[in-house]
Amino acid sequence: MSPQIIAFYLPQYHPTQHNDEWWGTGFTEWTNVAKARPLFRGHYQPKIPADLGFYDLRLPEVRQAQADLAREAGVTGFCYYEYWFGNGHEELERPFREVVESGKPDFPFCLCWANESWYRKFWNNDGAVVSRKVLAEQTYPGLSDIDMHFQARLQAFRDPRYIRVGGKLLYLIYQPLDLPDTTLFINRWQELARQHGLPPFCFMGFTFNADKVGHDILSRGYDAVVSCRNNKDKSGHNLRWCLRKAKSILLHTPRTNDYRKMWPTLISSLERHDEHYIPVMMPNWDHTPRSGTNGDLFTHSTPEEFRKHCEDVLSAVAQKEHPLCFIKSWNEWGEGNYMEPDLKYGKGYIKALHDALSGLKLL
């Protein structure tokens, strides 16, 4: 069975009133992307988009072109981040709302509730956040807000393009352990789905630390764990992290990892064999457009190395009852993890995924 390959999708690339107020008129993620500069010899920055250019997601033709490229790669759907802060406060909702209301592009989608506060962050020299100003606070007002959130997405859940896993509506929560009453939320949405004649939900919780918190996520009623292994463990017990941190402080450079060594670690035995753990493929990572020398990045990421990573992950998930994996991400240019064409590699990462699928006879 061909796997479902769902790419996380950032709906940020258009001006908004609040971004104008917080960051300056006309700010979008492209502002950070375009001003990035190399921070050490061989550092690939800035990363400049090729085929789609510095696009504006208010344009339907841009959204259609993205879907066309995703199909070419073998991506089977987008997982749009949604930002619901409580009491009807949303951010960056326009692109997805227009996708639902227009019926275009004709490309499958699901949602990931990015349930975390937005901050203006300030770092010190060792990369630690020393202060932060709240821009938009994530709140959980209770049952009435849970109902309001569901009603705001009801049209999307009814849409035939909405992705299902095992016949259930796929819905992700980015910070699954932050919900103050997970049982209330899950049970209420399941009941609302039943009342509206919808299939039940398949709830998945996202994490960077599946080994530590995966069991806790599942114990709270989630159906599966979406496990992204991006070397995010910054605990004092992680010797590799401590060494990288010390080097970055001494040299005043960002913390680096060699992608050629990293990609085999981006999937573990949990994601290979356990149906409840879903792997995440990563083409690259470079947070320096947002955080400068306080950022983390992969070096030596190329389409050829990404193809090997894809083959590794896809060959594993193809053996599961519900073959499914995610890509982080389709268009996170400010984090350096994107599939869209750039000036250096063109469609290289798109071709890499396609070639991996073809080689494994999964297309």
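Scroll up to find the structure this text is about.
Residues numbered from 1 in each chain as written. Predicted model: local features only at pLDDT ≥ 70, side-chain atom pairs only at ≥ 80, totals over all residues. Heavy atoms only, no water.

A few words now on the pattern of salt bridges. On inspection of all chains with the given rule, the structure shows 24 salt bridges. Across the salt bridge formed by Glu29 and Arg290, the nearest N and O atoms sit 2.6 Å from each other. Taken together, the residues Glu29 in helix H2 (residues 29–35) and Arg290 in helix H11 (residues 288–291) connect sequence positions 261 residues apart. Relative accessible area serves as the criterion here: at 5%, Glu29 is assigned to the buried category. Within the structure, one salt-bridge network assembled from shared partners comprises Glu29, Arg290, Lys328, Glu332 and Glu335. (Salt bridge = Lys/Arg side-chain N within 4 Å of Asp/Glu carboxyl O. Helix = DSSP H or I, 4+ residues; strand = E, 2+ residues; numbered from the N terminus. Buried < 20%, exposed > 50% of the residue type's maximum accessible area, 1.4 Å probe, protein only.)

Another aspect to go through is empty space enclosed by the protein. Remark: the empty space left among the atoms is shown by a probe the size of a water molecule rolled over them. The final tally for this structure, using the stated rule, is two cavities of 30 Å³ or more. In this structure, the second largest cavity is lined by Tyr44, Lys47, Asn284, Gly336, Tyr338, Asp342, Tyr345 and Tyr349. Across the lining of the second largest cavity, the residue classes break down as four nonpolar, two polar and two charged. (1 Å grid on protein atoms, 1.4 Å probe; cavity = no way out; pocket = protein on both sides within 12 Å on 5 of 7 lines; lining within 4 Å. Points joined across faces, edges and corners; volume = space filled by probe spheres on them. Nonpolar A, V, L, I, M, F, W, Y, C, P; charged D, E, K, R; others polar.)

This next bit is on the nonpolar core. If you look at the biggest cluster of nonpolar residues, it comprises 108 residues, and the most contacted ones within it are Tyr171, Leu314, Phe326 and Leu353. Top contributing element to this core by residue count: strand E2 (residues 77–86), with seven residues. Ignoring anything within four residues of it in the chain, the contact list for Leu314 reads Pro3, Ile5, Met281, Cys325, Leu353, Ala356, Leu357, Leu360 and Leu362. (Core = buried A, V, L, I, M, F, W, Y, C linked by side-chain atoms within 4.5 Å. Contact = heavy atoms within 4.5 Å.)

Okay, the state of the cysteines next. In this structure the tally under the stated criterion is zero disulfides. Lacking any disulfide linkage, Cys79 is separated from the closest cysteine sulfur, that of Cys110, by 3.6 Å. Taking relative accessible area as the criterion, Cys110 reaches 0% and is therefore assigned buried. (Disulfide = S-S within 2.5 Å.)

On to the packing of aromatic side chains. Under the criterion given, the structure shown has 46 aromatic pairs. Between Trp30 and Trp333 the ring centres are 5.7 Å apart and the planes differ by 55 degrees, which places this aromatic pair in the tilted class. Placement of the pair is Trp30 in helix H2 and Trp333 in the loop between strand E15 (331–332) and strand E16 (337–338), with a sequence separation of 303 residues. Positioned above the aromatic ring of Trp23, the side-chain terminus of Arg120 is 4.3 Å from the ring centre. (Phe/Tyr/Trp six-rings, centres within 6.5 Å; stacked < 30°, edge-to-face > 60°. Lys NZ or Arg CZ within 6 Å of the ring centre and 35° of its normal.)

The relative placement of two packed helices comes down to the angle between their axes together with the axis-to-axis distance. Interaxial distance between helix H5 (residues 143–158) and helix H6 (residues 182–195) falls to 10 Å at its minimum, and their mutual angle equals 45 degrees. Taken together, the axes of H5 and H6 are oblique relative to one another. As H5 runs across H6, the sense of the crossing is right-handed. The residues of H6 that touch H5, namely those facing Leu143, Ile146, Asp147, His149, Phe150 and Phe157, are Leu184, Phe185, Arg188, Trp189, Leu192 and Ala193. A class-by-class count of the residues in the contact of H5 with H6 yields nine nonpolar, one polar and two charged. (Axes fitted to C-alpha atoms, helices over the stretch in contact; angles between N-to-C directions. Parallel < 35°, antiparallel > 145°, perpendicular 65-115°, else oblique. Left-handed = near helix turned anticlockwise from the far one by under 90°.)

To continue, consider the environment of Ile173. Structurally, Ile173 can be placed in strand E8 (residues 168–173). As for Ile173 and Lys133, which are separated by 40 residues in sequence, their C-alpha atoms are 24 Å apart. Here Ile173 is in contact with Cys112, Trp113, Asn115, Leu179, Phe185, Met204, Gly205, Phe206 and Tyr222, once residues within four sequence places are set aside.

This part is about helix H3 (residues 60–73). Between its first and last C-alpha, H3 extends 20 Å over 14 residues, near the 20 Å set by a 1.5 Å rise per residue. Residues of H3 that are buried include every one of Val62, Arg63, Gln66, Ala67, Leu69, Ala70 and Ala73, and no others. Summarising the axial view, the buried residues of H3 lie within an arc of 165 degrees, below the 170-degree limit, and thus occupy one face. Of the surrounding elements, those touching the buried residues of H3 are strand E1 (4–9), E2, helix H4 (94–102), E15 and helix H13 (348–359). At the C-terminal side of H3, Gly74 shows a positive phi close to 110 degrees. (Expected span 1.5 Å × (residues − 1). Arc of directions from axis to C-beta.)

Bringing H6 into the picture now. The terminal C-alpha atoms of H6, which comprises 14 residues, lie 20 Å apart, in line with the 20 Å expected from a rise of 1.5 Å per residue. Regarding H6, the residues found buried are Thr182, Phe185, Ile186, Trp189, Leu192 and Ala193. Viewed end-on, H6 has its buried residues packed into an arc of 130 degrees, placing them on one side of the element. On its buried side, H6 packs onto strand E4 (109–113), H5, E8 and strand E9 (201–207). Following H6 by one or two positions, Gly197 has its phi on the positive side, about 70 degrees.

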